[in-house]
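# Examination of the molecular architecture
Here's the letter readout for the chains.
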Amino acid sequence: MDVGFFDRVAAVFPDVCFEQPPDLGVVLGSGWGEALVKDRVLLRLSYADLPGIGASTVPGHAGEFVLYERLGKRIAAFCGRRHWYEGVGWETVVAPVELCRRMGCGKMLLTNAVGGINPALKAGDFVVLKDHINTVGANPLFGAHNASGEWGPRFPDMTEVYTKHLRDLLHAAAKKLELRVMEGVYAFTAGPVFETPAEVRAYSHMGADVVGMSTVPEAVFAHACGLQVAGLALVSNLAAGISPVPLSHQDVMQASAQAKPLMAAICDAFIDQV
């Protein structure tokens, strides 16, 4: 990891980002770009104007940083993410988490769209992440480590990446909305291909409930740095071999569009309790 990379990105952010620690940092995944209700916007920055991050190359990712106020809370939101499969490097992938950490933020909400493996799931369901399986065999902590200790120990414990307290708040938010959610294990794959049916069967035997191409790098890095992490997934489709039709990103976007009101509602109810 290149500390200088993060210094260059942080230098573009104006002083308003650092004058008061955000109550929550948010990274919005595929289709989640309009899931935030804002009382007052303090700042907007396009990813295209951020050195080393750049415009998103994936449909459904707005590619914009928004600092705003909602329900008396200050929120630092990265609307859209960069993925490892885009070939941009680990620094770009985890930059939103590092920038939130530098702003003084202690909590992160990571959202995504996933394929459902657990037979109890259907498109449109929400899953609170309780653990993950990194099928990639690589993570952003590879390479040089921050000698100052700001990124935590060299060999961080991963027993509870997704903070129990924040998981409880997500469940409480869902209950308030009379929305059924389940907790599940997320299998992280490299992408950009969807998984094969054989891979999905293997992940199921490993204990995975859902599968996707993101989130775990940010979660690992945030947890190592001492931040509290919550993960919330929208099941946009059934995984390969379970789905009766071939998979496409268009299906992901369609499911997200249909679930947009509920996505906004559960995020808002969660923010109200943070």
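Above this text sits the structure in question.
A brief look at the structure comes next. (Residues numbered from 1 in each chain as written. Predicted model: local features only at pLDDT ≥ 70, side-chain atom pairs only at ≥ 80, totals over all residues. Heavy atoms only, no water.)

With that out of the way, let us pick up the overall build of the chain. Summing up its helical and strand segments, the chain has six helices and nine strands in all. At 17 Å, the chain has a C-alpha radius of gyration in line with the 19 Å of a compact globule built from 274 residues. Projected onto its principal axes, the C-alpha positions of the chain cover 50 × 40 × 35 Å. When burial is assessed residue by residue, the chain has 54% of its 274 residues classed as buried. Considering only residue pairs separated by 6 or more positions, the chain has 82% of its internal contacts joining residues 24 or more positions apart. Put simply, the chain shows about 10900 Å² of open surface, and 54% of that area lies on carbon and sulfur atoms. Of note, the chain has its 22 positive side-chain charges centred 4 Å away from the centre of its 28 negative side-chain charges. (Helix = DSSP H or I, 4+ residues; strand = E, 2+ residues; numbered from the N terminus. Rg over C-alpha atoms; globule rule 2.2 N^0.38 Å. Buried < 20%, exposed > 50% of the residue type's maximum accessible area, 1.4 Å probe, protein only. Contact = heavy atoms within 4.5 Å. Areas by Shrake-Rupley, 256 points an atom, 1.4 Å probe, with all protein chains shown as cover. Lys, Arg positive; Asp, Glu negative; His and termini not counted. Charge placed at Lys NZ, Arg CZ, Asp CG, Glu CD.)

Moving on: unusual backbone geometry. Pro 192 follows Gly 191 through a cis peptide bond whose omega is 0°. Of note in this structure, Leu 71 is not a glycine but carries a positive phi near 55°. Using a relative accessible area of 34% as the deciding quantity, one classes Leu 71 as partly exposed. Here the phi dihedral of Thr 215 falls at roughly 75°; this positive angle occurs in a residue that is not glycine. Assignment of secondary structure puts Thr 215 in the loop between strand E8 (210–212) and helix H5 (216–224).

Below, the discussion takes up H5. Burial of H5 is extensive: nine of the nine residues sit out of reach of the surface. All buried positions along H5 are accounted for by Val 216, Pro 217, Glu 218, Ala 219, Val 220, Phe 221, Ala 222, His 223 and Ala 224. Trailing H5 by a residue or two, Gly 226 shows a phi angle of about 90°, which is positive.

Moving on: the side chain of Glu 218. Inspection of the secondary structure puts Glu 218 in helix H5. A relative accessible area of 2% means that Glu 218 is categorised as buried. Leave out the neighbours within four places in its chain, and Glu 218 touches Val 27, Arg 81, Val 93, Val 94, Val 97 and Leu 110.

As a further point, take the pairing of strand E1 (residues 24–28). Taken across its five residues, E1 has five buried, putting it largely inside the fold. Alignment of E1 against strand E4 (residues 73–79), held across five bridges, turns out to be parallel. Within E4, the residue paired with Val 27 across the bridge is Phe 78. (Pairing = 2+ DSSP bridges.)

Helix length check: helix H3 (residues 164–176), at 13 residues, gives a terminal C-alpha distance of 18 Å against a target of 18 Å (1.5 Å per residue), a fit within 8%. Looking at H3, one finds that the buried residues are Leu 166, Arg 167, Leu 169, Leu 170, Ala 173 and Ala 174. Seen end-on, H3 carries its buried residues on one side only, within an arc spanning 155°. When the buried face of H3 is taken as reference, the exposed residues oriented beyond 90 degrees from it are Lys 175 and Lys 176. Glu 178 occupies a position one or two residues after H3 and carries a positive phi of about 55°. (Expected span 1.5 Å × (residues − 1). Arc of directions from axis to C-beta.)

Interhelical geometry of H3 versus helix H6 (residues 249–273) gives an angle of 125° and a closest axis separation of 8 Å. Taken as axis vectors, H3 and H6 run oblique relative to one another. Two packed elements cross with a definite hand, and for H3 against H6 that hand is right-handed. Residues Leu 166, Leu 169, Leu 170, Ala 172, Ala 173, Ala 174 and Lys 176 of H3 form the contact with H6, whose own contacting residues are Ile 266, Ala 269, Phe 270, Asp 272 and Gln 273. (Axes fitted to C-alpha atoms, helices over the stretch in contact; angles between N-to-C directions. Parallel < 35°, antiparallel > 145°, perpendicular 65-115°, else oblique. Left-handed = near helix turned anticlockwise from the far one by under 90°.)

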